[in-house]
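Examination of the molecular architecture
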Amino acid sequence: MNYYLRFLRYDNPSRQTTTQIHPDIVQADLPRFGYGHIVRVGDDADDPKTWPVYIVAHIAHMKQIADPKEAGKNALLYTVYLARYEEWPQFKLPEMVLEPIGGELK
């Protein structure tokens with residue numbers, strides 16, 4: 001199964017709209033990105049040291065899709081939500097991050 005990594009950047013701290021900042025990247029293994037981690041994303045032709053810096057600003061989402069490269073097979077789309085590094089202090093923790101896994105703590 002192929003994994004497709006998609007980077008979406010929040011347009012502002014409201015988290016209401018996003019922009020895809022890089023074409024989907026085919027991965028052989030499931031990507032791993034944790035909330036608050038630093039990520040550099042940029043044009044493959046440029047030196048990675050010059051790429052903009054982003055922060056993982058939400059829990060990653062996964063969705064099964066039809067594999068665009070292999071007809072008749074499925075793939076997993078792994079979406080990572082990013083914030084610009086310089087805007088990160090304006091972002092509040094999303095409710096999903098604050099909720100306990102499996103419901104309320106008692």
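Residues numbered from 1 in each chain as written. Predicted model: local features only at pLDDT ≥ 70, side-chain atom pairs only at ≥ 80, totals over all residues. Heavy atoms only, no water.

Another aspect to go through is the packing of aromatic side chains. The geometry of an aromatic ring pair comes down to the distance between the two centres and the angle between the two planes. What the rule picks out here adds up to five aromatic pairs. Residues Tyr10 and Phe91 carry aromatic rings whose centres are separated by 6.1 Å and whose planes lie at 45 degrees to one another, so their mutual orientation is tilted. Taken as a pair, Tyr10 in strand β1 (residues 2-10) and Phe91 in the loop between β7 (74-84) and α1 (95-98) lie far apart in primary sequence, 81 residues in all. On the basis of relative accessibility, which here comes to 5%, the residue Tyr10 falls in the buried class. Taking the relative accessible area as the measure of exposure, Phe91 reaches 9% and is therefore buried. One aromatic cluster in this structure is built from Tyr10, Tyr35, Tyr81, Trp88 and Phe91. (Phe/Tyr/Trp six-rings, centres within 6.5 Å; stacked < 30°, edge-to-face > 60°. Helix = DSSP H or I, 4+ residues; strand = E, 2+ residues; numbered from the N terminus. Buried < 20%, exposed > 50% of the residue type's maximum accessible area, 1.4 Å probe, protein only.)

Here we take up unusual backbone geometry. Of note in the backbone geometry, Arg15 takes a positive phi value of approximately 60 degrees without being a glycine. Owing to a relative accessible area of 16%, Arg15 belongs among the buried residues under this scheme.

Strand β6 (residues 61-66) sits mainly on the outside: zero of its six residues count as buried. Across six bridges, β6 lies against β7 in antiparallel orientation. Among the inter-strand pairings, Ala66 is bridged to a residue of β7, identified as Asn74. (Pairing = 2+ DSSP bridges.)

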